[in-house]
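Letter by letter, the chains look like this.
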There are 2 protein chains.
Amino acid sequence: MMTLKPEILSVTSVARSRLFHIEQVDLRFSNGKEVQFERLQSDSAGSVLVVPVEGDELVLIREYAVGTERYELSFPKGSIDAGEEPQVAACRELQEEIGMASSNIRLLRRIIVSPAYVNRPIWIMLATDLSVAPLPGDEPEELEQVRWPVNRMWELLEQEDFIDGCNQLALYALGHVMKVLPY
Amino acid sequence: MMTLKPEILSVTSVARSRLFHIEQVDLRFSNGKEVQFERLQSDSAGSVLVVPVEGDELVLIREYAVGTERYELSFPKGSIDAGEEPQVAACRELQEEIGMASSNIRLLRRIIVSPAYVNRPIWIMLATDLSVAPLPGDEPEELEQVRWPVNRMWELLEQEDFIDGCNQLALYALGHVMKVLPY
C-alpha cells in the first residue's frame with residue numbers, strides 16, 4: 001500500500017526551556033483529516049552511546065539520572081557537539097567519562113527513539129583499542145566506573161539499574177556483532 | 001563505591017504544552033556541587049509496545065511519525081490510560097491498531113528510555129493466541145498492517161523504516177525468549 005504523506009500545514013513553537021523545545025505541527029492527512037501533533041525539537045545533531053571493550057571487560061559508568069531520581073548503570077554517552085562527527089564525539093565522551101581514548105570506534109547501530117515525537121539520532125558505537133587519555137568533563141561529580149566481564153555480559157539485563165532501553169539495545173547489538181548468545 | 005544521592009532542593013514547572021511538561025530540578029550533589037537539571041514529566045503511567053505473533057508471522061503497522069516526518073514500521077504501541085493495567089492496555093492497543101485481541105500477553109521487558117530525562121516505563125509485551133476483535137482507535141487514518149514471517153525476523157533490522165530503538169529492542173527480546181539467533 002502506498003500512502004501519501006500528510007501535508008504539514010504549519011509548525012508553531014509552543015514551549016521552550018533551556019534544554020527542550022516543543023513544536024505544534026498542524027497536518028492534513030491524505031484522507032482530508034486534519035490533526036494537531038506535538039514534537040520535541042532539538043538543536044543537537046544527536047547523541048552517541050559507546051560500548052567500550054578493554055580486554056575481556058566492558059567499561060560502564062554509574063551516573064545520577066534526574067528522571068528516575070537514582071543512579072543508573074550505563075555505557076558512556078553524550079550529545080554530539082555542533083559540527084562534530086559522531087566518531088569524534090564518541091571518543092571525546094570516552095575521554096570525559098572513563099578517561100580513555102579509543103583508536104578503533106565503529107558504528108553498531110544508528111537509531112531514533114520515539115520517531116513519533118523526536119528526530120534525534122543516537123549512534124550506538126563499539127570502541128576498542130583503548131588507551132589512557134582523560135579529558136575534563138562537565139559532570140557535577142566524579143563518575144563511578146564499573147568493569148563488567150564480557151563473558152557475563154547478559155547478566156547486565158538482570159540489573160535493576162540497567163533499565164535504559166538504549167543501553168539494553170547496545171548490549172544486544174554487541175552480542176549480535178560478537179556472535180555471542182544471550183541464552 | 002556507595003554514592004549518596006543528590007538532594008533535590010526544588011522542582012519547578014518551567015514549560016507546559018498539551019502533551020509535554022518540563023520541570024527544572026535544582027539539586028545539590030553529595031560533594032556540595034549545586035546544579036540545575038531539566039526533565040520531562042508525564043501524567044501517563046507509561047506505554048506499551050506489543051509484539052503480536054500469529055502463526056508464523058509477526059504483525060506490524062506502518063504509521064506516520066511527525067518526529068521524522070515519514071511512515072515508520074512498528075509493533076503496535078500506545079499509552080497506558082489512567083488506572084489501566086499494562087496487560088489491558090496492550091490488548092486494547094492490539095484491538096485498536098491491528099483489530100485483534102490476545103488471550104495470552106506476557107511481559108518481555110520493562111524499560112525506561114533516557115532515565116536522565118524521563119521516568120516513563122515502556123512495557124514490552126509478547127501477544128499470542130490472537131482473535132479478531134477490532135476496537136475503534138483514535139488514528140487519523142487507517143493503519144497499514146504489515147505481516148512479517150518469523151523466520152525472517154532479523155531482516156527487520158535492515159529496514160530503513162524500522163529505525164525505532166524500542167522496536168529493535170523488542171525484536172531482540174523476542175529472539176531472546178524464542179532462542180532464535182540473529183546470525
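For clarity, every value in this text was computed on a predicted model and none was experimentally measured. (Residues numbered from 1 in each chain as written. Chains lettered and ligands numbered in written order. Predicted model: local features only at pLDDT ≥ 70, side-chain atom pairs only at ≥ 80, totals over all residues. Heavy atoms only, no water.)

## Brief notes about the packing of aromatic side chains
If you walk through the whole model with that rule in mind, you get 13 aromatic pairs over all chains. With a centroid separation of 5.4 Å and 40° between ring planes, the pair formed by Trp154 of chain A and Tyr172 of chain A is classed as tilted. Residue Trp154 of chain A is found in the loop between β10 (144-149) and α2 (165-178), and its partner Tyr172 of chain A is found in helix α2; the two are separated by 18 residues along the sequence. A relative accessible area of 14% places Trp154 of chain A in the buried class. Judged by relative accessible area, which is 2%, Tyr172 of chain A ranks as buried. Taken together through their ring pairs, the aromatic side chains of Phe29 and Phe37 of chain A together with Tyr64 and Tyr71 of chain B make up a single cluster. (Phe/Tyr/Trp six-rings, centres within 6.5 Å; stacked < 30°, edge-to-face > 60°. Helix = DSSP H or I, 4+ residues; strand = E, 2+ residues; numbered from the N terminus. Buried < 20%, exposed > 50% of the residue type's maximum accessible area, 1.4 Å probe, protein only.)

## Some remarks on the domain arrangement of chain A
Residue and element names in this part refer to chain A. Each assigned domain of chain A is listed here: domain 1 (7-42) and domain 2 (47-178). With 4 residues of domain 1 at the contact, the number on the domain 2 side is 4 residues. Overall, the association of domain 1 and domain 2 removes approximately 270 Å² of surface from exposure, summing both partners, and the carbon and sulfur fraction of that is 50%. Interface area lost by domain 1 to domain 2 is led by Glu38, Leu40 and Ser42, which between them contribute 84%. (Domains from an automatic or database assignment. Contact = heavy atoms within 4.5 Å. Buried area = accessible area lost by both parts, 1.4 Å probe.)

## Side note on the confidence of the model for chain A
A low pLDDT means the predicted coordinates there should not be read in detail. Looking at chain A, the pLDDT average stands at 96 and 99% of residues meet or exceed 70. Here the predicted complex scores 0.97 on pTM and 0.97 on ipTM. (pLDDT = per-residue confidence, 0-100.)

## Thoughts on the interface of chain A and chain B
Facing the 65 residues of chain A at the interface are 65 residues of chain B. Here chain A and chain B share an interface that buries about 6000 Å² over both sides, 64% of which is from carbon and sulfur atoms. A salt bridge links Glu69 of chain A to Arg39 of chain B, with the shortest nitrogen-to-oxygen separation between them at 2.7 Å. Joining chain A to chain B, the criterion identifies 36 residue pairs in polar contact (both at pLDDT 80 or more). Elements with a contribution of two residues or more to the side of chain A that touches chain B: β1 (7-16), β2 (21-28), β3 (34-41), β5 (57-65), β6 (70-74), β8 (100-112) and α2 of chain A. In terms of residue count, the dominant contributor to the side of chain A that touches chain B is α2 of chain A (8 residues). Its residues placed into classes, the side of chain A that touches chain B shows 37 nonpolar, 13 polar and 15 charged. (Salt bridge = Lys/Arg side-chain N within 4 Å of Asp/Glu carboxyl O. Polar contact = N/O pair within 3.5 Å; in protein donor to acceptor, adjacent residues only side chain to side chain. Nonpolar A, V, L, I, M, F, W, Y, C, P; charged D, E, K, R; others polar.)

## Re the pattern of salt bridges
The tally for this structure, following the rule as stated, stands at 32 salt bridges over all chains. Ionic pairing is found between Glu57 of chain A and Arg147 of chain A, a salt bridge with its closest N-O pair at 3.5 Å. Separated by 90 residues along the polypeptide, Glu57 of chain A in strand β5 and Arg147 of chain A in strand β10 bring together distant segments of the chain. Among the residues examined, Glu57 of chain A registers a relative accessible area of 27% and is labelled partly exposed. Look at Arg147 of chain A and you get partly exposed, because its relative accessible area is 32%. A salt bridge links Arg39 of chain B to Glu23 of chain B; the shortest N-O distance between them is 2.9 Å. Of the two residues, Arg39 of chain B sits in strand β3 (residues 34-41) while Glu23 of chain B sits in strand β2 (residues 21-28), which places them 16 residues apart along the sequence.

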